[in-house]
Amino acid sequence: MLRRGTRSSAGREATEREEFAHRVCGELSAELPDEDLGEDLSDALERYELGSKPRCEEVEYLDLVQDAIDRVARGH
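Counting restarts for each chain: residues are numbered from 1 in the order of the written sequence. Local features in this predicted model are restricted to residues of pLDDT 70 or higher, and side-chain atom pairs are both shown and tallied only at a pLDDT of 80 or more, whereas totals for entire chains, interfaces and linings draw on every residue. Each side-chain value is worked out from all heavy atoms of the structure, with water and hydrogens disregarded.

A. Main features of the environment of Tyr61. Relative to the helices and strands, Tyr61 is located in helix 3 (residues 55–74). Throughout, exposure labels follow a simple rule: accessible area from a 1.4 Å probe, protein chains only, divided by the maximum for the residue type, with under 20% read as buried, over 50% as exposed, and the rest as partly exposed. Relative accessible area serves as the criterion here: at 5%, Tyr61 is assigned to the buried category. Through-space distance from the C-alpha of Tyr61 to that of His22 is 18 Å; in sequence the pair is 39 residues apart. Contact criterion: two residues are considered in contact whenever any of their non-hydrogen atoms come within 4.5 Å of each other. Not counting residues up to four positions away in its chain, the partners in contact with Tyr61 are Leu32, Glu35, Leu37, Ala44, Tyr48 and Lys53. Numbering of helices and strands starts at the N terminus; helices are DSSP runs of H or I of at least 4 residues and strands are runs of E of at least 2.

Here's what the structure looks like:
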């Protein structure tokens, strides 16, 4: 049996996580305006073709996307 308020608390937490993930994606998109990142950053990494950028840009891009994924996973 669910306690009164449990569902709304869980719903608020889910909404907060979604809002945080959108904010992180927005920040990353601002840093990488020429990239088509989409909503799923893991998908952006999977679709990335190694060697499609100069090495230094590639490393920076991959690091930025992975850092954003890690921030979302940590929730801060």
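So, next bit.
B. Molecular detail of the packing of aromatic side chains. A pair of aromatic rings is counted whenever rings of Phe, Tyr or Trp (Trp by its six-membered ring) have centres within 6.5 Å, and the orientation is called stacked for planes under 30 degrees apart, edge-to-face for over 60 and tilted otherwise. A complete count under the given rule lists 1 aromatic pair for this structure. Ring plane angle 35° and centroid distance 5.1 Å describe the contact between Tyr48 and Tyr61, whose orientation is recorded as tilted. Of this pair, Tyr48 sits in the loop between helix 2 (41–47) and helix 3 while Tyr61 is found in helix 3, placing the two residues 13 residues apart along the sequence. Given the relative accessible area of 13%, Tyr48 is considered buried. When the NZ atom of lysine or the CZ atom of arginine is within 6 Å of a ring's centre and also within 35 degrees of its normal, the charge is said to sit over that ring. Its guanidinium or amino end placed over the ring of Tyr61, Lys53 lies 5.1 Å from that ring's centre, counting from NZ or CZ.

C. Up close: a negative patch on the surface. Residues with no salt bridge and a relative accessible area higher than 30% make up the patches, which join like charges within 9 Å and nonpolar side chains (Val, Leu, Ile, Met, Phe, Trp, Tyr) within 5 Å. Exposure was quantified through the Shrake-Rupley algorithm and a 1.4 Å probe, taking into account, for residues, occlusion by the shown protein chains and nothing else. Here a salt bridge means any side-chain nitrogen of Lys or Arg lying within 4 Å of a carboxyl oxygen belonging to Asp or Glu. Charge assignment in this entry is limited to Lys and Arg as positive and Asp and Glu as negative, and neither His nor the chain termini are counted. We put the charge of a Lys on NZ, of an Arg on CZ, of an Asp on CG and of a Glu on CD. Together, Glu31, Glu57, Glu60, Asp63, Asp67 and Asp70 make up a region of like negative charge exposed at the surface. Counting residues per element, the negative patch draws most heavily on helix 3, which supplies 5 residues. Take Glu57: it is sitting in helix 3.

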